[in-house]
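Listed here are the chains, written in short residue letters.
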Amino acid sequence: MTVARTWAVALTGLTGELVEVEADVTSHQPEIRIIGLADRALGEAARRVTSACENSGLMLPYRRLTVNLSPAGLPKHGTAFDLAIAVTALATDDRLRRSSAAEVVHLGELGLDGRLRPVPGILPAVRAAVAAGRTRVVLPWANREEAELVAGAEVRGAISLAQVAAWHGSEVEVPDLPPIPGPPAPEADEDDVDLADVVGQRDAVEALVVAAAGGHHVLMSGPPGAGKTMLARRLPGILPPLDDEAALEAASLRSLAGERVVRLDRRPPFEAPHHSASTAALVGGGSRTVRPGAIARASRGVLFIDEATEASSSTLDALRQPLEQGRIDIHRAGFSARFPARFQLVLAMNPCPCGEYGVRGGSCTCSPHIIRRYAQRLSGPLLDRIDIDLRVERIASIAQTRAGDAMSSEEGRQRVLAARDRARERLSGTPWRINAEVPGTWLRRGPRAPDAAALRGLDAALQRGLITLRGYDRVLRVAWTVADLAGRDRPDAADVGRALFLKKGVVA
C-alpha cells in the first residue's frame, strides 16, 4: 500500500478541527490532485509543493499523486496545508518514514525555495490540535514562539522542508538557509497611561469605575477637549487582568488577524476603529478566509468608537446582536464562522456638529433641527443597550487641574476587583460572573431581587415611558454594581436612583 498520512488543522473562525491529510500514487500521467473541499489558495498548493520539493533535493514520485483532505465535507482555507501535503507526498515513495509523519501535525506555507513561511492562526490551530490529542506539531520557525504558548504542545520550528524531511528519517542534505521572518511585532500599548492623569472629572471617573466593575456599556457626550478619549483609553487599566483562558482567546484572535504573537498579554484588549470604518472592518469577514473584525478583537476588553455620530448607522447597528449575544456569526456560502464578542462598548460623541452646543461660553452655530438630527444618528435600539449615559464637561477652572485628589489606575482597579469578587460570590452556582451578564428575569424575580421600596422610582420611570423594559433591566444591573462597590448585600433606593441617573440623567 502506498497511502501515506499526516495531520493538519482547518480553521473556521476561532474553531479548529483536525484534518487527516492522506496521499496515494497511481500509474497515470504525473500530476498532483488535491481533493476534499479545498479553496483556491489551497488548490494552488500543488505548484508550491512541486517546486519546494525539487529545490530541496526531494523528488516527488513521477506518477499521479492524489491528496485527500478528510473529512472531505469540511471547508479548508489558506496555505497552512502546504507542509502536510508535501510530507505525505514524499512519504508515499518512502522518501521519509510514514510512521513518523503519521504521528505529527504539520502546519505551514512553502516557498518555492523550500523554506517555510509563517501563517496566521497558528495559536488557535495548535490549541485545536492539542485538544484533539495531537501534541506533536511541526511548523515554521517564525511561528514557534506563538505555538509554545499552548500548554502541552511539543513544538518544533523548521526553517525548510528539507529539515522536516530529515527529522522524519530522510537522508536529504539540509541546506543552511536563513529563516523567513514573521510579521513585525505590534507597537506596544500605552502602558504608562494612568487614571490619575484625568483631573477635574471626578464624576466621570466614578462612572468609569462603575462601568469597569459591572462590565457595563458607556456613552460619553461632551464638547471637544472635555477628555472623552482620555477616559476611554484608561478603562482597560482599571479592568481585572485576563486569566489564562481569556488571554489565550485574545491572543488567538490577534493571531488570526495576522499579528505576531510572542507572549500572553494580561491587559484587556483595546480596539479603537475609526468612525469611517466599514461594517466588514467592524464585524469581520472575507470572501475566502474569514478574519476577525474589531468587535472580535475587542473581546474580553474595550471597543471604543470616537465620533460615533459620524459613523454610518448600518455600521453602528451591526453592534446590536453582539452586544446582546456576546458573539458574532459571519455567514458565507458553504460555511459560517463564529467569533467571541464579549466586549465593553464605549461610544463618544459631540453634542452637535460644531461641538459647542450647551457649552459654557461656547457659540453654537447649529440650528435646533440640525442638533436634533445629529443626536438621532445613534438609533434608539442601540441607545437602549447602553447602560451609562455620561455627560462630560470641559474643565472650567485651573484649580480643577490639580491632581491631589485624582484616583490612580491602581486604586480604581482595586475597587473594581473588590466589587467583582462580591458579584462572583453572589453569583456562584450560576453561569454568570459579572452583573452585565445577568438576565433581567433573575434580577427582577431572583432570590436576591431588591424590595419594592427600592424599585419604586424605577417603576415610575418605566410607567412614564422614560425607559423600556430592557432599559429597566440595565438600570438594575448598574444598581447591583453600585451596591457592590459600596459593599452592600443588595441595592437600596439610593443605588437604584444613582443607576437611573447614570442611565437617563433623571433622579428617581
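So, a few notes on the structure that sits alongside this text. (Residues numbered from 1 in each chain as written. Predicted model: local features only at pLDDT ≥ 70, side-chain atom pairs only at ≥ 80, totals over all residues. Heavy atoms only, no water.)

## Description of the overall build of the protein chain
- Counting its secondary structure elements, the protein chain contains 21 helices and 18 strands.
- Across its three principal directions, the C-alpha atoms of the protein chain cover 85 × 50 × 45 Å.
- Looking at the protein chain residue by residue over its 508 residues, the buried ones come to 51%.
- Surface accessibility of the protein chain: about 22500 Å² in total, with carbon and sulfur atoms responsible for 48%.
- Across the protein chain, the centroid of the 64 positively charged side chains sits 5 Å from that of the 61 negatively charged ones. (Helix = DSSP H or I, 4+ residues; strand = E, 2+ residues; numbered from the N terminus. Buried < 20%, exposed > 50% of the residue type's maximum accessible area, 1.4 Å probe, protein only. Areas by Shrake-Rupley, 256 points an atom, 1.4 Å probe, with all protein chains shown as cover. Lys, Arg positive; Asp, Glu negative; His and termini not counted. Charge placed at Lys NZ, Arg CZ, Asp CG, Glu CD.)

## Some points on the packing of aromatic side chains
- Evaluated as defined, the whole model comprises 2 aromatic pairs.
- Here W432 and W442 contribute two aromatic rings whose centre-to-centre distance is 5.8 Å and whose plane-to-plane angle is 65 degrees, an arrangement assigned as edge-to-face. Of this pair, W432 sits in the loop between α17 (409–426) and α18 (440–445) while W442 sits in helix α18, and the two are 10 residues apart along the sequence.
- Taking relative accessible area as the criterion, W432 reaches 18% and is therefore assigned buried.
- Cation over ring: R144 sits above W141, and NZ or CZ is 3.8 Å from the ring centre.
- Across from the ring centre of W167, 3.9 Å away, lies the NZ or CZ of R156, which sits over that ring. (Phe/Tyr/Trp six-rings, centres within 6.5 Å; stacked < 30°, edge-to-face > 60°. Lys NZ or Arg CZ within 6 Å of the ring centre and 35° of its normal.)

## Looking at the nonpolar core
- Of all hydrophobic cores here, the largest spans 65 residues; its most connected members are V67, I85, L107 and V126.
- Per-element accounting of this core gives the leading share, 8 residues, to helix α3 (residues 82–91).
- Apart from residues no more than four positions distant in its own chain, V126 is found in contact with L107, V137, L139, A147, V150 and A153.
- Counting 49 residues, the second-largest nonpolar core is a separate cluster that includes V218, V392, W442 and A461. (Core = buried A, V, L, I, M, F, W, Y, C linked by side-chain atoms within 4.5 Å. Contact = heavy atoms within 4.5 Å.)

## Remarks on the pattern of salt bridges
- In this structure the tally under the stated criterion is 36 salt bridges.
- Residue R115 pairs with D113 through a salt bridge whose shortest N-O separation is 2.9 Å.
- We classify R115 as buried; its relative accessible area is 19%.
- D113 gets classed as partly exposed once you look at its relative accessible area, which sits at 33%.
- Overlapping salt bridges bring together E324, D384, R385, D387, R470 and R474 as one network. (Salt bridge = Lys/Arg side-chain N within 4 Å of Asp/Glu carboxyl O.)

## Describing the environment of R372
- For R372, the position within the fold is in helix α15 (residues 368–375).
- Given a relative accessible area of 47%, R372 falls into the partly exposed group.
- Distance from R372 to A493, taken between C-alpha atoms, is 33 Å for residues 121 residues apart in sequence.

## What about the layout of surface pockets?
- As a volume, the largest pocket reaches approximately 970 Å³.
- Among the secondary structure elements, those contributing two or more residues to the lining of the largest pocket are α10 (244–256), α14 (320–325), α17 and α20 (469–486).
- The residue makeup of the lining of the largest pocket, split by class, is 15 nonpolar, 6 polar and 14 charged. (1 Å grid on protein atoms, 1.4 Å probe; cavity = no way out; pocket = protein on both sides within 12 Å on 5 of 7 lines; lining within 4 Å. Points joined across faces, edges and corners; volume = space filled by probe spheres on them. Nonpolar A, V, L, I, M, F, W, Y, C, P; charged D, E, K, R; others polar.)

## Some points on unusual backbone geometry
- Following S70, the chain continues to P71 via a peptide bond in cis, the omega torsion being 10 degrees.
- Considering the arrangement of structural elements, one finds P71 in the loop between β4 (64–70) and α3.
- A positive phi angle, close to 60 degrees, is found at L37, a residue other than glycine.
- Along the chain, the position of L37 falls in the loop between β3 (31–35) and α1 (40–43).

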